[in-house]
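# Remarks on the overall topology
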Amino acid sequence: MSSHKTSRKYFTRDRIWNFQTAFLFICSILNKRIQSEIDVFFSKLYSFPEELRLVSASAFTQCRDKISYTAFRQVHKDLVSYFYDCMHFKCFYGMRLIAIDGTTFTLPKTKETVREFGDNVLSEHGKWIKAKVSFATDVLNNICVQACIGSYKSSEGKQARQLIDHMDKNNLYLFDRGYFTWNFFEYVVSSGSAYCFRVKRNACKQVELFVNQNDNDVLVNISIPKGKTIKVRLVKIRLSSGEQEYLLTSLLDRKRFSLNKLKHLYHLRWSVEEQYKDVKHALSIENFTGKKVNSIKQEFYANILTYNLSMMMCKPVIDKAMKKKKARYKYKTNKRALIAKVKQCFVKLFFHPETLIETVEQIIISVARESVPIRKGRKYERSKSYKAKLKFSRAYTSVV
């Protein structure tokens, strides 16, 4: 704990806002009016009426400045390590299936955020700026293994390197079309893990030649700029939309990894897009309660931490129960309901260990009732993006 305080002198006295309470409160925030959140949190913690006010929002703001965002990043890292060391998890032929992708987050514009993330005006009136975010997602277990947030002008390839640098071996990486460059490809090969890139028609000479051939599956040698030759597999996959998809992969065994398996494999990459949708809309992660860089990064890692905790703790049990359910459709976990219920029960989960098992069981029962059907074949066209989007108002925060 001492290494994650912004000063050694902080949290040396016994106060209402101690390190643990502030840390868990930030993880439990539901992006409502902050004073309302505090009142509800402490009424649960000390079992007194919500209409009474024990602490103020100002006191919380001063307290959170004493905690470095690195505390949340470290606990997230420890939780992920515990999951893979101590729990059963799904693999793809013995490998973790990791999709890496980037997106942009909208942040409030202040002098401090401009220094950290760069001056890039998003809205017409210049109240918002952008930050570049990248996730490394275990698509089979719905876990965000690594995440980073940085300057909007930093490349996705650079952030992907940061994520891979902190990853264990024995992974199969999935990348979209924007990632294939000679330098990044060489870096991924040197990581020792398997890979599957979707590539553009003109990604390199070998791909250009392959596009004009009648073959759908070939093995070729690719010479990278430093003179090293790498054997890869190029495949063509026809999508339901009629579009041709080109994949470059290190999975050379055609019997083990057929074209249909590779098609399904790359389709699984979409889970990282779904994870972005979950954190942006279900968690409202861009509705930051603080304007300082440290506060923004606190909530960034705290929300990912809570998301992972929800997926690890309850989702596998609910999904297993739904498979046994006899109905017209197959059902899956309602992730929004699960995350909301876990956040609502933070006080019981972490301050009352004597009822932990009972609390988790009740969460599973409650969320299982809200499971949603899986309707096969349902598709929607991808919506267009615009430069300026309607974002959360900092002046008018929801009171509920």
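This text goes with the structure placed above it.
What comes next is a walk through the structure.

Criteria and cut-off values
- Residues numbered from 1 in each chain as written.
- Predicted model: local features only at pLDDT ≥ 70, side-chain atom pairs only at ≥ 80, totals over all residues.
- Heavy atoms only, no water.
- Buried < 20%, exposed > 50% of the residue type's maximum accessible area, 1.4 Å probe, protein only.
- Helix = DSSP H or I, 4+ residues; strand = E, 2+ residues; numbered from the N terminus.
- Contact = heavy atoms within 4.5 Å.
- Polar contact = N/O pair within 3.5 Å; in protein donor to acceptor, adjacent residues only side chain to side chain.
- Expected span 1.5 Å × (residues − 1).
- Salt bridge = Lys/Arg side-chain N within 4 Å of Asp/Glu carboxyl O.
- Patch = residues over 30% accessible without salt bridge, like charges linked within 9 Å, V, L, I, M, F, W, Y side chains within 5 Å.
- Areas by Shrake-Rupley, 256 points an atom, 1.4 Å probe, with all protein chains shown as cover.
- Pairing = 2+ DSSP bridges.
- Axes fitted to C-alpha atoms, helices over the stretch in contact; angles between N-to-C directions.
- Phe/Tyr/Trp six-rings, centres within 6.5 Å; stacked < 30°, edge-to-face > 60°.
- Lys NZ or Arg CZ within 6 Å of the ring centre and 35° of its normal.

Helix α1 (residues 19–28) sits mainly inside the fold: nine of its ten residues count as buried. Of the residues making up α1, those classed as buried are Phe 19, Thr 21, Ala 22, Phe 23, Leu 24, Phe 25, Ile 26, Cys 27 and Ser 28. Residues of α1 that are buried in the fold lie against α2 (34–46), α3 (57–64), α4 (70–86), α11 (293–313), α13 (335–344) and α14 (346–351). With a side-chain oxygen lying 3.3 Å from the backbone nitrogen of Gln 20, the N-terminal cap of α1 falls on Asn 18.

The next subject is α4. Each full turn of the α-helix corresponds to 3.6 residues, which orients residues three or four apart in the same direction. For α4, which comprises 17 residues, the first-to-last C-alpha distance of 24 Å matches the rise-based estimate of 24 Å (1.5 Å per residue) to within 8%. Looking only at α4, the buried set comprises Thr 70, Ala 71, Phe 72, His 76, Leu 79, Val 80, Phe 83 and Tyr 84. Considering only its buried residues, α4 is in contact with α1, β1 (96–108), β2 (128–138), β3 (143–151) and α11.

Its location among the elements puts Ile 164 in helix α6 (residues 156–165). By relative accessible area, Ile 164 is classed as buried at 5%. Along the backbone, Ile 164 and Val 188 are 24 residues apart, and their C-alpha atoms lie at a distance of 8.3 Å. In this view, Ile 164 contacts Ile 100, Tyr 173, Phe 175, Phe 184, Tyr 187, Val 188 and Ser 191; residues no more than four positions away in its chain are not counted.

This next bit is on the environment of Lys 236. Looking at the secondary structure, you find Lys 236 in strand β7 (residues 229–238). Distance in space between the C-alpha atoms of Lys 236 and Gln 35 is 55 Å, their sequence separation being 201 residues. Dropping the residues within four chain positions of it, Lys 236 is found in contact with Phe 210, Val 211, Gln 213, Asn 214, Asp 215, Asn 216, Gln 244, Glu 245, Tyr 246 and Leu 259. A polar atom in the side chain of Lys 236 sits 3.1 Å from the backbone oxygen of Phe 210. One polar contact links the side chain of Lys 236 to the main-chain carbonyl oxygen of Asp 215, over a distance of 3.3 Å.

Our next topic: the pattern of salt bridges. Here the structure, examined in full by the defined rule, presents 15 salt bridges. The salt bridge involving Arg 64 is made with Glu 299; its shortest N-O contact spans 3.0 Å. Here Glu 299 lies in helix α11 and Arg 64 lies in helix α3, a separation of 235 residues in the sequence. On the basis of relative accessibility, which here comes to 3%, the residue Arg 64 falls in the buried class. By relative accessible area, which is 3% here, Glu 299 ends up buried. When the shortest N-O distance is used, the salt bridge between Glu 245 and Arg 198 registers 3.7 Å. Taken as a pair, Glu 245 in strand β8 (residues 244–249) and Arg 198 in strand β5 (residues 194–198) lie far apart in primary sequence, 47 residues in all. Through salt bridges that share partners, Asp 101, Asp 176, Arg 269 and Glu 273 make up one connected network.

So, on to a nonpolar patch on the surface. Judged by side-chain polarity, Ile 16, Tyr 46 and Leu 54 come together as a nonpolar surface patch covering roughly 260 Å² of accessible area. Residue position: Ile 16 is located in the segment before α1.

Spatially, β3-β2-β1-β4-β5-β8-β7-β6 is the arrangement adopted by the eight strands of the open sheet, whose pairing is mixed. Of all the strands in the sheet, just β3 and β6 (217–223) have a single pairing partner and so form its edges. Between one strand axis and the next, the sheet turns through 25° on average, direction left out of account. For β1 and strand β4 (residues 171–175), the ladder comprises four bridges, and the chain directions are parallel. Opposite Ile 98, over in β4, you have Tyr 173 as the bridge partner. Sheet strands in contact with α4 are β1, β2 and β3, and its direction is about 155° off that of β3. Contacts from α6 reach β1, β2, β3 and β4 within the one sheet, and its direction differs from that of β2 by about 45°.

This part is about the packing of aromatic side chains. The tally for this structure, following the rule as stated, stands at 35 aromatic pairs. Look at Phe 83 and Tyr 84: their rings are 5.1 Å apart centre to centre, the planes differ by 75°, and that puts the pair in the edge-to-face class. Across the pair, exposure class does not vary: Phe 83 and Tyr 84 are buried alike. With a centroid separation of 5.3 Å and an interplanar angle of 45°, the aromatic rings of Phe 180 and Phe 185 are classed as tilted. Overall, Phe 185 belongs to the buried group, its relative accessible area being 0%. The rings of Tyr 173, Phe 175, Tyr 179, Phe 180, Trp 182, Phe 184, Phe 185, Tyr 187, Tyr 195 and Phe 197 are connected pair by pair, giving a single aromatic cluster. Note that Arg 96 overlies the ring of Tyr 84, its terminal NZ or CZ placed 4.5 Å from the centroid. A cation over an aromatic ring shows up here: Lys 236 above the ring of Phe 210, its NZ or CZ 4.9 Å from the ring centre.

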